[in-house]
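One-letter residues, chain by chain:
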Amino acid sequence: MPPQLADSSPLKREIVEGVDILIVRELVGGIYFGQPRGFGTNEKGDRTGFNTDVYSAPEVERIARVAFDAARKRQGRLCSVDKANVLEVSQLWREVVTDLGAREYPDVELSHMYIDNAAMQLLRNPKYFDTVVTGNIFGDILSDEASMLAGSLGMLPSASISGSGPGIFEPVHGSAPDIAGQDLANPLAMVLSAAMMCRYDLGAEGVAARLERAVEGALDAGWRTGDLWKEGKDAPEHGELGFVVVELDGMGTPNRSKAFHDFYYGRMGDNTIPDQIAGMSQLAQRHRWIDISKAGIWGHSGGGFATGAAMLRHPDFFKVGISESGNHDNRNYEDDWGERYQGLLT
């Protein structure tokens, strides 16, 4: 739960601030896929519907191993959610998870909780949870409930992970075709899904952390989408939030506003002009409305060096340049573009 969004949650700030939960849901078994299933008629002649909640020991061990491995990368705590006081399938689930933990993951703290209590504790004391593992139907319910801790489905990343192949990483809400093309979608869940892919599937912790810092930076700057917007705040600009995150991740953006650049120019110090051009070109390939034939560059606080250098080195790309002030002797701006690009003129 990003602290910047604690006030977007329907729960009190003190309950949700600092919450960080990973829910590992078994996705291809359980009651959604169990056989037999269908419709019938009972001895009274009444119509009936029935489904079968069934798991084999290998199925439970497979998903439990994924959860134990994930818990090791987090706080080392795993809570297994079931209904073992009523359901035989849950009794098997608890037995297999407990045995696997004792045999292979003695370093992970394992606890068990009934689904009804878990649903309550997720709202009453969500900080109790670190990593949660559960079956298909229970995970379906808990993951949607957990989404509202952050105030919106648009903030939650998710993944469908195979035991033998690559995972599929996407926002928990899916493709949301009902709002396609309306500039309503929150892009942050997709960015965070990419971070999840880097951390849990590719082992690229540094890249994951960089993406998460970019999202945090955008939220720090006050950027919000409509699903997170509160009365009294500026109207949200959904599409531009995506560009803000791209900017903070160092790809460059053709839609950089002066206010945003003023706020974040110090974080752009390690960017190079070729990086900016490559980033803008990539974005233009994805979005037809971006016209890089009209690209320009703006620099401030010594930015005359950057502006001039960029136009001299890349005249075919930058068509216009604007420079503001020339305070390149002020050491407070040592990371600014002007300081970085003086050498391009030599």
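For the structure, check the block above.
Residues numbered from 1 in each chain as written. Predicted model: local features only at pLDDT ≥ 70, side-chain atom pairs only at ≥ 80, totals over all residues. Heavy atoms only, no water.

This brings us to the overall build of the chain. Scanning the chain from N- to C-terminus turns up 12 helices and 10 strands. Of all 346 residues assigned to the chain, the portion counted as buried reaches 41%. For the chain, the share of sequence-separated contacts (at least 6 apart) that also reach a separation of at least 24 residues comes to 65%. Just so you have it, the chain exposes about 18200 Å², and 53% of that area is on carbon and sulfur atoms. (Helix = DSSP H or I, 4+ residues; strand = E, 2+ residues; numbered from the N terminus. Buried < 20%, exposed > 50% of the residue type's maximum accessible area, 1.4 Å probe, protein only. Contact = heavy atoms within 4.5 Å. Areas by Shrake-Rupley, 256 points an atom, 1.4 Å probe, with all protein chains shown as cover.)

With that out of the way, let us pick up the pairing of strand S2 (residues 38-41). As defined by bridge partners, S2 adjoins strand S3 (residues 47-50) across 4 bridges and the pair is classed as antiparallel. When the bridges of S3 are listed, Gly38 appears paired with Phe50. (Pairing = 2+ DSSP bridges.)

Right, let's get into the packing of aromatic side chains. Tallying each qualifying case throughout the model produces 3 aromatic pairs. Here the aromatic rings of Tyr55 and Trp93 are separated by 5.4 Å at their centres, their planes lie at 65 degrees, and the arrangement is edge-to-face. Highlighted residues: Tyr55 in the loop between S3 and helix H2 (57-72) and Trp93 in helix H3 (residues 88-104), separated in sequence by 38 residues. Of the residues examined, Trp93 reaches a relative accessible area of 3% and is grouped as buried. Considering the side-chain rings of Phe68 and Tyr105, the 4.6 Å spacing of their centres and the 10 degrees angle between planes classify their relative orientation as stacked. Of this pair, Phe68 sits in helix H2 while Tyr105 sits in the loop between H3 and strand S5 (109-114), and the two are 37 residues apart along the sequence. No difference in accessibility class separates Phe68 from Tyr105, as the two residues are buried. (Phe/Tyr/Trp six-rings, centres within 6.5 Å; stacked < 30°, edge-to-face > 60°.)

With that settled, consider the pairing of strand S4 (residues 77-82). Judged by how many residues are buried, S4 sits mostly within the fold: 5 of 6 residues are covered. As paired elements, S4 and S5 share 6 bridges and run parallel to each other. Across the sheet, Ser80 pairs through a bridge with His112, a residue of S5. Traced from S4 through H3 to S5, the parallel crossover comes out right-handed. Bridge count for S4 against strand S6 (residues 131-134) is 4 bridges, and the pairing is parallel. Looking across to S6, one finds that Cys79 is bridged to Val132. (Right-handed = clockwise from strand over helix to strand, strands pointing away.)

The next subject is the pattern of salt bridges. The full count for this structure, using the stated rule, is 14 salt bridges. A salt bridge links Arg65 to Glu104; its shortest N-O distance comes to 2.7 Å. Linking Arg65 in helix H2 with Glu104 in helix H3, this pair joins segments that are 39 residues apart in sequence. Judged by relative accessible area, Glu104 falls into the partly exposed class, the value being 30%. The residue Glu205 makes a salt bridge to Arg199 at a minimum N-O spacing of 2.8 Å. Each of Glu61, Arg65, Asp99, Arg103 and Glu104 takes part in one network of salt bridges that share partners. (Salt bridge = Lys/Arg side-chain N within 4 Å of Asp/Glu carboxyl O.)

Here Asp220 shows up in helix H7 (residues 205-220). Sequence separation between Asp220 and Leu5 is 215 residues; the distance between their C-alpha atoms is 9.7 Å.

Let us look at the side chain of Ser80. By secondary structure assignment, the location of Ser80 is in strand S4. Owing to a relative accessible area of 0%, Ser80 belongs among the buried residues under this scheme. Within the structure, the side chain of Ser80 is placed 2.9 Å from the side chain of Trp93, a separation counted as a polar contact. The residues contacting Ser80, other than those within four sequence positions of it, are Trp93, Val97, Leu110, Ser111, His112, Met113 and Val133. (Polar contact = N/O pair within 3.5 Å; in protein donor to acceptor, adjacent residues only side chain to side chain.)

A few words now on the sheet that holds S5. What the 4 strands build is an open sheet, ordered S1-S6-S4-S5; its pairing is parallel. The open sheet has two edge strands, strand S1 (22-25) and S5, and neither has a second partner. Put simply, the sheet's adjacent strands are angled 25 degrees from each other on average, direction ignored. In this structure, S1 lies alongside S6, joined through 4 bridges in parallel fashion. Paired with Leu22 across the bridge in S6 is Thr131. (Axes fitted to C-alpha atoms, helices over the stretch in contact; angles between N-to-C directions.)

Now for unusual backbone geometry. Of the consecutive residues Gln35 and Pro36, the connecting peptide bond is found in the cis state with omega at 5 degrees. Residue position: Pro36 is located in the loop between S1 and S2.

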